[in-house]
Amino acid sequence: MPATAEQGCGEPPDVRSNLLLAYEEARGVGVVLTGWTQTNGHCEVWEQPTYHLRVNRSEVVSCLPDGSTAGVVFQVAGVWYLALAATYSAPPYRSRLKCEPSLSDEATVITVRKVVDLLTKEDLGIIKRKNEPLHFVDALQWGDHFFFPYYKLKARQVNNTEPPSMAVLRQLRSPSEGGLTLKGHVYLECGCRGLIVSSSLVRQDERGWWVGVFRHSRDPQALNDKAWNDTAICIFGMEEVKEQACALSHFDVVGESCEARSIKKLPTLIHSGLVVVYGTVVLNQIVLFLGTDDGQLLKTVLNEHMESSCPEVLYEIEEETSIFPKLRLDPIDSNYIYLSSANKVAVAASISKILTFCVIKIVKPVEVFYENVVLKNSSCFCNLTTAEITDDAICLFLDLTWRNADFFQDSCNATASEEIATAQKTERISIHSIEPLWISTLGKSEVTVKGENFTRASGIKMILTGMTGCKPEIGGRKITTIGRNFKVVDRVIISDDQRSNLTVSRYPGNESEYHYLTPSLSHATEGKVVDMMLKVETTFIPCFRLRYHPDPVFINYQLHTELDPDLELKIYKENDNLNISKTEVEVYLSYMNGAQTKKIWFSVQNITKKPDRSTILCKFKREATDKIDFSTVKVFVKLGNFEHEVKPTSSHIYLYVLILLPIIVGVIIVAFVVTRYKSKELTRKQSQQLELLEYEIRKEIREGGFASIFSEDMPQSRDQTSKDESFNMLHALICNKNFLVTLIHTLEKQKNFTVKDRCLFASFLTIALQTKLVYLTHILEVLTKDLMDQSSNVQPKLLLRRTESVVEKLLTNWMSVCLSGFLRETIGEPFYLLVTTLNQRINKGPVDAITCKALYTLNEDWLLWQVSEFKTVTVNVIFEKIPENESGDACQTIQVNVLDCDTIGQAKEKSLQAFLNKNGFPYGLQLDEIGLELVSEEQQRELLDIDGSSEVMEDGIRKLNTISHYEISNGATIKVFKKKTNTRSDVDYSDEHCHLILPDSEANKDMKGAGHKGKQKFKVKEMYLTKLLSTKVAIHSVVEKLFRSIWSLPNNKAPVAIKYFFDFLDAQAESKKITDPDVVHIWKTNSLPLRFWVNILKNPQFVFDIKKTSHIDGCLSVIAQAFMDAFSLAEQTLGKEAPTNKLLYAKDIPLYKKEVKAYYKAIRDLPPLTTSEVEEFLTQESKKHENEFNEKVALIEIHRYIVKYYDEIVSKLERERGFEEVQKQLQQVKALFDEKKKCKWL
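Residues numbered from 1 in each chain as written. Predicted model: local features only at pLDDT ≥ 70, side-chain atom pairs only at ≥ 80, totals over all residues. Heavy atoms only, no water.

1. Side note on the packing of aromatic side chains
1) Next: The tally for this structure, following the rule as stated, stands at 37 aromatic pairs.
2) Next: Relative to F236, the ring of W210 lies with its centre 5.9 Å away and its plane at 45°, an arrangement referred to as tilted. Taken together, the residues span a long stretch of sequence, with W210 in strand 15 (residues 207-215) and F236 in strand 16 (residues 231-237) at a distance of 26 residues. Just as W210 is buried, F236 falls in that class too.
3) Next: Ring geometry for W1047 against F1123: centres 5.9 Å apart, planes inclined by 15°, an arrangement best described as stacked. Residue W1047 is located in the loop between helix 14 (1036-1046) and helix 15 (1056-1071), and its partner F1123 is located in helix 18 (residues 1110-1127); the two are separated by 76 residues in the primary sequence.
4) Next: Classification of W1047 as buried rests on a relative accessible area of 5%. (Phe/Tyr/Trp six-rings, centres within 6.5 Å; stacked < 30°, edge-to-face > 60°. Helix = DSSP H or I, 4+ residues; strand = E, 2+ residues; numbered from the N terminus. Buried < 20%, exposed > 50% of the residue type's maximum accessible area, 1.4 Å probe, protein only.)

This is the structure we're talking about:
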């Protein structure tokens, strides 16, 4: 409103409504709270619907025309309060006005007042700023906290670098008081934009999101110049803001403060002129309504990652006036949204001045229902009622009448005034001209309408026709122009043939370089060419042309996690003409961490181009605490304005299917033909046998033997269904959880139900329920809880340590079944590598053929510590083609490395192993079926361990022949042949033979004094300990790889069985109030490594088709002991008398212990498994093991235990309630099995 003669120089130049709040008290009484810049910033409280004025008080809101006021009302203990933030004074950015408060109060920024009197009180809260004035944008309540987004007034300067902030206040502890205390503030960063224009709070279930419109600071001399990225939407989580707000650097308060923190967010949406935002939730999706400074109402929908869809234009104001910074949904029908705008139209009549009035429009998200300037049937209407004509102005005043309790701040720019006289005109309105006839949203938005008698208008409306749309943004690539004298350039202009010149940069980077971003051209097509020009005042200097190419096409990506802690990402893209450099590509990875989405920004290492595709190599170094759920990973690439989600590398299963399909079909046809032929042959033979049998039967009948034949054949003629009925009934009986638990407890109470019986019963039960793992798991839970109740009161650390109960053996079997896939897919390779490496290491040195002791070993019991010199001999071994080896095409010659001290039997073993290593399949003959023959020009000689040339030692002991005994040298040829007889020459030799340990040696004496060979104990001298260490060092990397493959989490996921059972143990410890963490650690150790992994580590023959020697067993025992020491909580104190096996890994155990504890903690920190996830896993495992065992045999064995303790079981069932039906079923089962026993079916 223009100034009038009654206003002094110190009064505000206009009057503006800066606060409008509405709420409903008890009994449906509506209350409206309004604030105005006039009368020193007065505030009024009105009662609806009677329009009764309750309170009228000055110095409540800001009186400054451009000052800020934001407030929120809340209720505590039946009393209504107003939390208010305002800019009461703004030095040094503007001179003081008479309406401003005293110097002692000018620093006040946030107050809390009771609505009943609007007075400030210290106990309610008065917060003052420090030196810099603050501009508040909004006031929000989230739970018991209050949020005030703001920025410093100096942020309006172009060179400002300080981001805006959010002040957070919390309610006082007393529930009866409405006072607030300042928690602190936190910086909100949205791409270096220093101003907040508008904000909105979105409530989604239990979560809250603050949506803000951020804007760059503008040069006061270039306010009308808009950049394409001037404004942006950024979204912040309310909980994160609340937690991070702790700094007090902007406020003059006493309290604990922290260093100012910043929350950085990438823009959700970038636009040239956003001025208002309103967010809501529709069908569990966040929907944002956006208003622009050129009168557009936009709608965009956010996905689960807070990414925006392409905004849709819902409505456009014809006059292109800016939408006011408040949008609201209709309180009755949320399908309607209210927006308000001030239209400025240049009017030419008898006096040509500016006409300002209010427009309220109602818009539905899809359709525009009303476009009237004045809508008397809407929630409110704004009508032109009076006019004042003076010598220098036409002043129009607006009267607002509100019909509902939902109101809008700043919807009109003036109010009625009784001090102004009215002068109404009655002449008819006429229009002479409208200029210009063409306008654009990119500029030229002022329209001049010339005519007469406009002051009688109740509303002026201009209808614009045209079109607008939205396409995905392109451009945004950084261009660097190199030249000279760029300091004189005003701006860089991009021009094309379809739109006006677009400014992309206003200030040069330096004298010789100019940096700018290519603009987004929604109408750009493939090959679009634009001109780049430099503007110096009014002169345009053409430089060069830019060509727009199609967006890059990214094929897929590969994420490598095995380089822990580094992540390596390879992104593959199609070759194009974009000439992308690594400095302009941004790559990030998003993943879910609970309910939050987190991002990792990669460093682009290089971009390599190949004929078929290009590869972008990226790396990221993770912190030790980073945990990534790789199942939720998504990879995104940004290039300028272009952002794209890259899909992971897809499997080529379909290609494989197409390739293998013809082969499979061919195999099926061949199999069918062969099967058909064999079936016919079998049928023919059976027919012949049947005819012969019939002939014999007829003959016996004639001879009077019919009765005996009939009696013998009678059992086989019974109905098979009756045979299966007993098994089905027994299976149904053990599938009764209450009966099965009672049965197990009853059996365990019997004195003659031994530990062996318990283990067998558990194994039979596992087999019988192999297809019902879900049910078996429930039984395991119940029995484990019962076992805890038995032992937790005495020695909880002993739980699951032994295998003395059914449930302990059942747990071992359950782990074996559930971890078989993990063992095969993850642990199998490093475990097989360990066994083969250990075997190779042992055979690399001398091995005594009698005692199996070796120079290279891990176990001191198997150390060959008296060894003479030895050397390697390379021989050429000829393998002849034999009928047993169908895979071999012809004879082969293979080089084999043997030792000169190897016996002939050991040379055979190494030869067969060399053949297997080279061909991938065995030779076809066993060790005792082959012989060796030395081939030379002079003669061919068979090589034997014992022959006539063998050396005879004292006491008649014969020494086994070796390679050196036959004087075989490098390059010699040895032929492998098949023996004609099955006599074995290489047997387990008796005490009458020796190899490397001679009869008079100390080791041999010790061996004879021992009860069994290979297990004797003798004192190892310290000088020979280095031999054990050399073997330990040689296989150390393989051992560590195996250990870490067991206690690491591939892809940050634990095997389902381990995660489930560990969580179960944690829950039981918590329910039993066991606070000692060592107890739970021991439970987990006893249930997994002690019960499963050690058994696997010591018995590789359980996993692989290999033969485990006694020596390998001894070495694996040392490794298994080190493995278990890593899980032990006891501190090891090793002295000189400590076993050598313990000393070998003494330095490694502390590191292993830390890794194990981290492993247990990582599993516990993983999100808990849902019931459906566990049941789905168990169901899949059940399907994998179908028909692997004979369930009927297991049921028969279970029945035998039931029969053996039948009376005790029945007695127990009779004492318990609810087992009447079960007793009947048990009796039926016993009767059916007894009948079968009579018929000898069992």
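Now, onward.
2. Let's talk about the pattern of salt bridges
1) Next: For the structure shown, the criterion picks out 26 salt bridges.
2) Next: The partner of E240 in a salt bridge is K265, and the shortest N-O contact between them spans 3.4 Å. A residue pair is termed long-range when its members are at least 10 positions apart, and E240 in helix 2 (residues 238-244) and K265 in the loop between strand 17 (262-264) and strand 18 (269-271) qualify at 25 residues.
3) Next: Linking E304 and K634 is a salt bridge whose minimum nitrogen-to-oxygen distance equals 3.5 Å. With E304 in the loop between strand 21 (296-301) and strand 22 (312-316) and K634 in strand 42 (residues 634-639), the pair connects residues that are 330 residues apart, well separated along the chain. (Salt bridge = Lys/Arg side-chain N within 4 Å of Asp/Glu carboxyl O.)

3. A look at the environment of V15
1) Next: Take V15: it is sitting in the segment before strand 1 (17-24).
2) Next: For V15, a relative accessible area of 17% corresponds to the buried category.

4. Considering the state of the cysteines
1) Next: As enumerated under the stated definition, the model contains 2 disulfides in all.
2) Next: Paired by a disulfide, C190 and C234 hold their sulfur atoms 2.0 Å apart. Its S-S torsion of about 80° marks the bond between C190 and C234 as right-handed, since a negative value means left-handed. With C190 in the loop between strand 13 (180-189) and strand 14 (195-204) and C234 in strand 16, this residue pair connects regions lying 44 residues apart in the sequence.
3) Next: Covalently, C246 is tied to C258 through a disulfide, its sulfur atoms 1.7 Å apart. Across the S-S bond of C246 and C258 the torsion is about 80°, and the bridge reads as right-handed. Pair noted here: C246 is in the loop between helix 2 and strand 17 and C258 is in the loop between helix 2 and strand 17, with a separation of 12 residues, a long-range link.
4) Next: The class of C246 is buried, set by a relative accessible area of 14%. (Disulfide = S-S within 2.5 Å.)

5. Overview of unusual backbone geometry
It is generally the case that most residues other than glycine have a negative phi and that most peptide bonds are trans.
1) Next: Of note in the backbone geometry, C192 takes a positive phi value of approximately 65° without being a glycine.
2) Next: Mapping C192 onto the fold places it in the loop between strand 13 and strand 14.
3) Next: Look at N579: it is not a glycine, yet its phi comes out positive at around 55°.
4) Next: Tracing the backbone shows N579 in the loop between strand 37 (566-573) and strand 38 (585-593).

6. Brief notes about the packing of helix 17 (residues 1089-1098) against helix 18
1) Next: Taken N-terminus to C-terminus, the directions of helix 17 and helix 18 make an angle of 155°; their axes are 9 Å apart at the nearest point. With respect to each other, helix 17 and helix 18 are oriented roughly antiparallel. Here helix 17 and helix 18 pass one another in a crossing that is right-handed. Across the interface between the two elements, P1089, L1090, W1093, V1094, L1097 and K1098 of helix 17 pack against D1113, L1116, S1117, A1120, F1123, M1124 and F1127 of helix 18.
2) Next: A class-by-class count of the residues in the contact of helix 17 with helix 18 yields 10 nonpolar, 1 polar and 2 charged. (Axes fitted to C-alpha atoms, helices over the stretch in contact; angles between N-to-C directions. Parallel < 35°, antiparallel > 145°, perpendicular 65-115°, else oblique. Left-handed = near helix turned anticlockwise from the far one by under 90°. Contact = heavy atoms within 4.5 Å. Nonpolar A, V, L, I, M, F, W, Y, C, P; charged D, E, K, R; others polar.)

7. Notes on the sheet that holds strand 7 (residues 108-114)
1) Next: Spatially, 5-6-7-8 is the arrangement adopted by the 4 strands of the open sheet, whose pairing is antiparallel. Two strands lie at the open edges of the sheet, namely strand 5 (69-76) and strand 8 (126-128), each paired on one side alone. Across the sheet, the mean angle from the axis of one strand to that of its neighbour is 15°, orientation sign disregarded.
2) Next: Direction of pairing for strand 7 relative to strand 8: antiparallel, over a ladder of 3 bridges. (Pairing = 2+ DSSP bridges.)

8. What about the UniProt feature "transmembrane region" (unreviewed entry) in the chain?
1) Next: Sites flagged by UniProt as "transmembrane region" (unreviewed entry) map to residues 653-675 and 759-780.
2) Next: Between the C-alpha atoms that bound residues 759-780 there is a distance of 14 Å. The span itself is 82% helix and 0% strand. (UniProt positions renumbered as here; feature names shortened; annotations may be inferred.)

9. Thoughts on a nonpolar patch on the surface
1) Next: Together, V665, I669, F672 and V673 give the surface a local cluster of nonpolar side chains, amounting to about 380 Å² of exposed area.
2) Next: Inspection of the secondary structure puts F672 in helix 3 (residues 653-702).
3) Next: F672 gets classed as exposed once you look at its relative accessible area, which sits at 53%. (Patch = residues over 30% accessible without salt bridge, like charges linked within 9 Å, V, L, I, M, F, W, Y side chains within 5 Å. Areas by Shrake-Rupley, 256 points an atom, 1.4 Å probe, with all protein chains shown as cover.)

10. Some points on the nonpolar core
1) Next: Of all hydrophobic cores here, the largest spans 118 residues; its most connected members are F761, W814 and F1123.
2) Next: When residues of this core are assigned to their parent elements, the largest contribution, 11 residues, is made by helix 18.
3) Next: Domain assignment of the residues forming this core places at least three in each of domain 4 (726-770 + 1192-1241) and domain 5 (796-866 + 1021-1188).
4) Next: Residues in contact with W814, not counting those within four places in the same chain, are L773, T777, L780, A1057, Y1060, F1061 and L1178.
5) Next: Residues V896, V898, L932 and Y966 belong to the second largest nonpolar core, which totals 25 residues. (Core = buried A, V, L, I, M, F, W, Y, C linked by side-chain atoms within 4.5 Å. Domains from an automatic or database assignment.)

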